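# Breakdown of the fold
Listed below are the residues making up each chain.
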Amino acid sequence: MSGHRIFAAVYDRMAAPVETKLLGPRRERMLSGVTGRVLDVGAGTGVNLDHLRNAEQVVLTEPDPAMRAKLERKLGRAHAPVVQVSDAAAEDLPFDDDSFDAVVFTLVLCTVTDPARALAEARRVLRPEGTLYVLEHVRGEGAQATWQDRVTPVWKRLGAGCHPNRDTRTAVERAGFTFTEVENLQAGPRWIPASPLLQGTAHPTG
């Protein structure tokens, strides 16, 4: 099996403390009320499955085969009546225009090759009245941003392609979304490259 095998093997265990204390409660508040047909882009090992309890259908995309294998072993925990898994990349979604009520990005826009294209695809498949849900670690400010720029070449090799210095809020807005709720928080010491977080909901503009 190709892909990030070592990263996938240790991811859930490595992330468990921060999931328990910080990310899990935020995923719960953000996703537990989401209904309709939901697209979880770059679903990783399937962490969001426990929280998407009211969706009628969940489609999970994960192009990395090692991560997808772990995801598929969790499908029995899904609450949605219909769950599908796709190996599609975020930049090339094989779904019809206006076909989802919600699109979810959690800790994935840092890893995609082309965030602008991924968000454009999300905009395309999301219904005009749909909602984009975002929980991402993002670029900080000032000295923290400078530190993120310096460490990114090494960090992305260690973290399965993670770029901690991406300005995700600007990328979302440039893709044609307007945030209706947004929160920025420092999720850990400023020397941790992935510590600033952005959580928000956005809707297609116009």
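Residues numbered from 1 in each chain as written. Predicted model: local features only at pLDDT ≥ 70, side-chain atom pairs only at ≥ 80, totals over all residues. Heavy atoms only, no water.

Scanning the chain from N- to C-terminus turns up 5 helices and 7 strands. Listing each helix as α and each strand as β along the chain from the N terminus yields α-β-β-α-β-β-α-β-α-α-β-β. What you see for the chain is a C-alpha radius of gyration of 16 Å, in line with the 17 Å of a compact globule of 206 residues. Expressed as lengths along the three principal axes of its C-alpha atoms, the size of the chain is roughly 45 × 40 × 30 Å. When the 206 residues of the chain are sorted by exposure, 52% land in the buried category. The long-range fraction of contacts in the chain, counting pairs at least 24 apart against all pairs at least 6 apart in sequence, stands at 68%. Placing the 25 positive and 26 negative side-chain charges of the chain at their respective mean positions leaves the two points 8 Å apart. (Helix = DSSP H or I, 4+ residues; strand = E, 2+ residues; numbered from the N terminus. Rg over C-alpha atoms; globule rule 2.2 N^0.38 Å. Buried < 20%, exposed > 50% of the residue type's maximum accessible area, 1.4 Å probe, protein only. Contact = heavy atoms within 4.5 Å. Lys, Arg positive; Asp, Glu negative; His and termini not counted. Charge placed at Lys NZ, Arg CZ, Asp CG, Glu CD.)

Turning next to the environment of asparagine 54. Within the secondary structure, asparagine 54 sits in the loop between β1 (36-41) and β2 (55-61). Those residues in contact with asparagine 54 that lie beyond four places of it in its chain are Ser32, Gly33, Val34, Thr35 and Gly36. Reaching out from asparagine 54, the side chain makes a polar contact with the backbone oxygen of serine 32 at a distance of 2.6 Å. (Polar contact = N/O pair within 3.5 Å; in protein donor to acceptor, adjacent residues only side chain to side chain.)

With that settled, consider the pattern of salt bridges. On inspection of all chains with the given rule, the structure shows 9 salt bridges. A salt bridge links arginine 124 to aspartate 97; the shortest N-O distance between them is 2.7 Å. Here arginine 124, found in helix α3 (residues 115-125), pairs with aspartate 97, found in the loop between β3 (82-86) and β4 (100-106); they are 27 residues apart in sequence, far enough to count as distant. A relative accessible area of 24% means that arginine 124 is categorised as partly exposed. (Salt bridge = Lys/Arg side-chain N within 4 Å of Asp/Glu carboxyl O.)

Our focus in this paragraph is the nonpolar core. Grouped together as the largest cluster of nonpolar side chains are 26 residues, with contacts concentrated most on Leu39, Val103, Phe105 and Leu132. Listing elements by their share of this core, those giving two or more residues are β1, β4, α3, β5 (126-137), β6 (177-186) and β7 (196-204). With 4 residues, α3 is the single largest residue contributor to this core. The contacts of phenylalanine 105, once residues within four sequence positions are left out, are Val41, Ala118, Leu119, Ala122, Leu132, Tyr133, Val134, Leu135 and Glu136. Counting 20 residues, the second largest nonpolar core, distinct from the first, contains Leu22, Leu23, Leu31 and Ala80. (Core = buried A, V, L, I, M, F, W, Y, C linked by side-chain atoms within 4.5 Å.)

With that out of the way, let us pick up a nonpolar patch on the surface. On the surface, Ile6, Val10 and Met14 cluster together into a nonpolar patch covering about 320 Å² of accessible area. Tracing the sequence through the fold places methionine 14 in helix α1 (residues 5-31). (Patch = residues over 30% accessible without salt bridge, like charges linked within 9 Å, V, L, I, M, F, W, Y side chains within 5 Å. Areas by Shrake-Rupley, 256 points an atom, 1.4 Å probe, with all protein chains shown as cover.)

A positive phi is found at aspartate 98, a non-glycine position, where the angle reads about 55°. Inspection of the secondary structure assignment puts aspartate 98 in the loop between β3 and β4. Under the relative-accessibility criterion, aspartate 98 is labelled partly exposed at 40%.

Attention now moves to the packing of aromatic side chains. Each aromatic ring pair is characterised by the separation of its centres together with the angle its planes make. Summed over all chains, the structure comprises 1 aromatic pair. Their ring planes at 80° and their centres at 5.3 Å tell us that phenylalanine 95 and phenylalanine 100 sit as a pair that is edge-to-face. The same class applies to phenylalanine 95 as to phenylalanine 100, namely buried. Taking NZ or CZ as reference, arginine 37 lies 4.1 Å from the ring centre of phenylalanine 100, over its face. (Phe/Tyr/Trp six-rings, centres within 6.5 Å; stacked < 30°, edge-to-face > 60°. Lys NZ or Arg CZ within 6 Å of the ring centre and 35° of its normal.)

Right, let's get into the sheet that holds β3. Strand order in the open sheet formed by 7 strands is β3-β2-β1-β4-β5-β7-β6, and the pairing between neighbours is mixed. With partners counted over all chains shown, the strands left at the sheet margins are β3 and β6, one partner each. Here the strands of the sheet are splayed against their neighbours by 15° on average, with no regard to which way each runs. Alignment of β6 against β7, held across 9 bridges, turns out to be antiparallel. Of the residues in β7, the one forming a bridge with glutamine 186 is proline 196. (Pairing = 2+ DSSP bridges. Axes fitted to C-alpha atoms, helices over the stretch in contact; angles between N-to-C directions.)

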